[in-house]
Amino acid sequence: MELLEEILNRENLNAAYLAVYRNKGAAGADGVTINELQEHLKTHKEEILSGIRARKYTPQPVLRVEIPKENGKKRKLGIPTVVDRVVQQAIAQVLSPIYEKQFSNSSYGFRPKRSCEMAVVRSLGIMNDSYDWIVDIDLERFFDTVHHDRLMNIISRTVSDGDVISLIRKFWVSGVMIGGRREESSVGTPQGGNLSPLLSNIMLNELDKELEARGLHFVRYADD
């Protein structure tokens with residue numbers, strides 16, 4: 001079975017719908033709410049599926065919101081429409097097991113059966129091995145600065161289905177709605193999308209491999 005058909009498999013789509021519904025969240029740029037999602041999918045399901053298969057599916061721009069951070073600054077979040085969240089979740093559910101086999105054992109952010117607490121325990125274990133120096137690194141504005149072509153190149157090493165690659169790219173270039181006006185999105189992967197956590201780990205796995213090649217002990221949680 002082609003990778004795209006695994007993504008569009010009925011059971012996978014149903015699981016994606018349930019995951020999005022359970023997570024709730026605000027409506028995206030089209031105004032369709034999570035409570036309206038089921039009826040919307042019943043009405044437009046075949047249109048959505050045929051559009052994806054024909055590479056004619058067009059994701060809606062993500063709705064830009066800003067939430068305050070503890071340091072007084074603001075974190076930019078992108079809210080996809082509920083339908084786009086289902087499609088992204090369906091992609092993530094199929095790709096995640098494939099990439100889990102490639103990810104570093106020192107990576108703990110946005111991964112199944114891993115947590116911040118586990119990252120802390122691993123860090124303490126390294127410290128107890130008599131290492132004296134600790135370097136704390138935070139990749140500032142990581143989600144906002146992801147280079148699309150670079151990430152696409154990395155993904156294509158594993159994903160050979162051109163339909164899937166095309167679909168992922170469409171989510172990157174769907175644009176951003178700010179104050180009712182659409183703006184282009186030439187870089188970055190919206191923080192808040194269902195696919196973004198997996199894409200961030202695919203990108204940062206390159207960093208993990210480099211640190212391992214240098215024989216360094218490290219723990220990565222998200223972009224820290």
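Residues numbered from 1 in each chain as written. Predicted model: local features only at pLDDT ≥ 70, side-chain atom pairs only at ≥ 80, totals over all residues. Heavy atoms only, no water.

A. Representation of the nonpolar core within the structure. Grouped together as the largest cluster of nonpolar side chains are 47 residues, with contacts concentrated most on Leu-37, Ile-91, Ile-155 and Ile-202. Counting only elements with at least two residues in this core, the list comes to helix H1 (3-7), helix H2 (10-23), helix H3 (37-53), helix H4 (82-100), helix H6 (142-145), helix H7 (148-156), helix H8 (162-172) and helix H9 (196-213). It is H4 that contributes the most residues to this core, ten residues altogether. Residues within four places of Ile-155 in sequence aside, it is in contact with Tyr-99, Trp-172, Leu-199 and Ile-202. (Core = buried A, V, L, I, M, F, W, Y, C linked by side-chain atoms within 4.5 Å. Buried < 20%, exposed > 50% of the residue type's maximum accessible area, 1.4 Å probe, protein only. Helix = DSSP H or I, 4+ residues; strand = E, 2+ residues; numbered from the N terminus. Contact = heavy atoms within 4.5 Å.)

B. Highlighting the pattern of salt bridges. Tallied over the entire structure, the rule returns ten salt bridges. The partner of Arg-169 in a salt bridge is Asp-149, and the shortest N-O contact between them spans 3.3 Å. Of this pair, Arg-169 sits in helix H8 while Asp-149 sits in helix H7, and the two are 20 residues apart along the sequence. A salt bridge links Arg-182 to Glu-184, with the shortest nitrogen-to-oxygen separation between them at 2.8 Å. Glu-184 gets classed as exposed once you look at its relative accessible area, which sits at 63%. Several salt bridges converge on common partners, so that one network encompasses Arg-150, Arg-157 and Glu-206. (Salt bridge = Lys/Arg side-chain N within 4 Å of Asp/Glu carboxyl O.)

C. View of H2. The first and last C-alpha atoms of H2 sit 20 Å apart over 14 residues, in line with the 20 Å expected at 1.5 Å per residue. Within H2, the full set of buried residues consists of Asn-12, Leu-13, Ala-16, Tyr-17 and Val-20. All buried residues of H2 project into a common sector of 140° when viewed along the axis, lining one side. In this structure, H2 carries Arg-10, Glu-11 and Arg-22 as exposed residues pointing more than 90 degrees from its buried face. Where H2 starts, the residue carrying a side-chain oxygen 2.9 Å from the main-chain nitrogen of Glu-11 turns out to be Asn-9. Positive phi appears at Lys-24, one or two residues downstream of H2, with a value of about 55°. (Expected span 1.5 Å × (residues − 1). Arc of directions from axis to C-beta. Polar contact = N/O pair within 3.5 Å; in protein donor to acceptor, adjacent residues only side chain to side chain.)

D. Examining the sheet that holds strand S3 (residues 176-178) more closely. The four strands are arranged S2-S1-S3-S4 in an open sheet whose pairing can be described as mixed. What marks the edges here is a single partner per strand, and that holds for strand S2 (74-79) and strand S4 (181-183). Pairs of neighbouring strands in the sheet enclose a mean axial angle of 40°, with direction left out of account. In the sheet, strand S1 (residues 62-68) pairs with S2 via six bridges, with the strands oriented antiparallel. Paired with Pro-68 across the two strands is Lys-74, which belongs to S2. (Pairing = 2+ DSSP bridges. Axes fitted to C-alpha atoms, helices over the stretch in contact; angles between N-to-C directions.)

E. Focus on the side chain of Arg-85. Residue position: Arg-85 is located in helix H4. For Arg-85, which is buried and forms no salt bridge, the nearest opposite charge comes from Asp-30, at a distance of 7.9 Å. Among the polar contacts listed, one links the side chain of Arg-85 to the backbone oxygen of Lys-24, at a separation of 3.4 Å. Within polar-contact distance, the side chain of Arg-85 engages the backbone oxygen of Pro-80 at 2.8 Å. With residues up to four places along the chain from it excluded, the contact list for Arg-85 reads Val-20, Lys-24, Gly-25, Ala-26, Ile-34, Ile-79, Pro-80 and Asn-194. (Lys, Arg positive; Asp, Glu negative; His and termini not counted.)

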